[in-house]
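# Examination of the molecular architecture
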Amino acid sequence: MPAKAVDPAEMRAAVQAVLPWLRGEADQPSRPELAAAVRLSLRTLEQIAPGRSVEVRVPPFAAVQCVEGPRHTRGTPPNVVETDPRTWLELATGDLAWSDALDGARVTASGTRADLSHLLPVVRF
């Protein structure tokens, strides 16, 4: 069963709530605020690029499968992207370029389909 569609206004509000922290203007938001921003923006990515060939992990909050291609069903997927919540949200909002995140070792991406640069940002402010 497909996941419920993300309400764009809800996702935008959740991410907007953490923008001051992302931009260094406020302390880290509460765990529920941060979790909502990460989960809703990841689910938006999942909607933008449906599929199951890439797993995007942002521990401890969420992981989604996206991008068309061969479906993975067991063990570690061949195409994995993993990063921390702050880096993900910076990528999701366009405050951090994919290449800069890779170069700075802020994101790990393995596999031939793991380049998400053409899918980011998922929201702009």
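Read on for a plain summary of the structure. Counting of residues starts from 1 at the beginning of each chain's written sequence and follows it residue by residue. Only residues with pLDDT of 70 or above have their local features reported here, since the model is predicted, and side-chain atom pairs are shown and tallied only from 80 upward, although totals for entire chains, interfaces and linings are computed over all residues. To obtain the side-chain values, all non-hydrogen atoms of the structure were included, while hydrogens and water were left out.

## Some details on the pattern of salt bridges
Take a side-chain nitrogen of Lys or Arg and a carboxyl oxygen of Asp or Glu: if they are within 4 Å of each other, that pair is a salt bridge. For the structure shown, the criterion picks out five salt bridges. For E82, the salt bridge goes to R57, with nearest N and O atoms at 3.8 Å. With E82 in strand β3 (residues 80-83) and R57 in strand β1 (residues 54-58), this pair connects stretches of sequence that are 25 residues apart. Several salt bridges share partner residues, and in doing so they unite E55, R57 and E82 into one network. Strands here mean DSSP runs of E at least two residues long; helices mean DSSP runs of H or I at least four residues long; both are numbered from the N terminus.

## Examining the side chain of E55
Structurally, the position occupied by E55 is in strand β1. The buried category is assigned to E55, whose relative accessible area is 14%. A distance of 2.6 Å separates the side chain of E55 from the side chain of R57, its partner in a polar contact. Sequence-distant contacts of E55, that is, excluding residues within four places in its chain, are made with V64, Q65, P77, N79, V80 and V81. Here the term buried applies to any residue with accessible area under 20% of the maximum for its type, exposed to any over 50%, and partly exposed to those in between, with areas from a 1.4 Å probe on protein chains only. Any pair of N or O atoms that falls within 3.5 Å is considered a polar contact. Within protein, one atom must be able to donate a hydrogen and the other to accept it, and sequence-neighbouring residues count only if both atoms are side-chain atoms. Any two residues whose heavy atoms approach within 4.5 Å are treated as being in contact.

## Quick word on the packing of aromatic side chains
Any aromatic ring pair is given by two values, namely how distant the centres are and how the planes are angled relative to each other. Here the aromatic set is Phe, Tyr and Trp, taking the six-membered ring for Trp, and pairing holds for ring centres within 6.5 Å; pairs whose planes are under 30 degrees apart are stacked, those over 60 apart are edge-to-face, and all others are tilted. Per the stated rule, a full pass over the model turns up zero aromatic pairs. Whether a charge sits over a ring depends on NZ of Lys or CZ of Arg being within 6 Å of the ring centre and within 35 degrees of the ring normal. Positioned over the ring face of F125 is R12, at 4.3 Å from the centre of the ring. Across from the ring centre of W21, 4.5 Å away, lies the NZ or CZ of R86, which sits over that ring.

## Re the nonpolar core
By size, the foremost hydrophobic cluster in this structure holds 38 residues, and its most contacted members are L45, V56, V81, W88, L89 and L116. Taken together, the elements giving at least two residues each to this core come down to α1 (8-22), α2 (31-48), β1, β2 (62-66), α3 (85-93) and α4 (98-103). With residues up to four places along the chain from it excluded, the contact list for L45 reads V56, C66, W88, L116, L119 and V122. By nonpolar core is meant a set of buried Ala, Val, Leu, Ile, Met, Phe, Trp, Tyr and Cys residues that side-chain atoms within 4.5 Å join together.

## Re the sheet that holds β2
Strand order in the open sheet formed by four strands is β2-β1-β3-β4, with mixed pairing between adjacent strands. Each edge of the open sheet carries a strand with a single partner, namely β2 and β4 (107-110). Across this sheet, the average inter-strand angle for adjacent strands is 10 degrees, counted without regard to direction. Summarising the sheet, β3 and β4 pair through four bridges and their orientation is antiparallel. Within β4, the position partnered with T83 by the bridge is V107. All axes here are fitted lines through C-alpha atoms, helices being fitted over the stretch that makes contact, and every angle between N-to-C directions spans 0 to 180 degrees. α2 rests against β1 and β2 of the sheet, and its axis sits at about 5 degrees to β2. Here the rule is simple: two strands pair whenever DSSP picks up at least two bridges between them.

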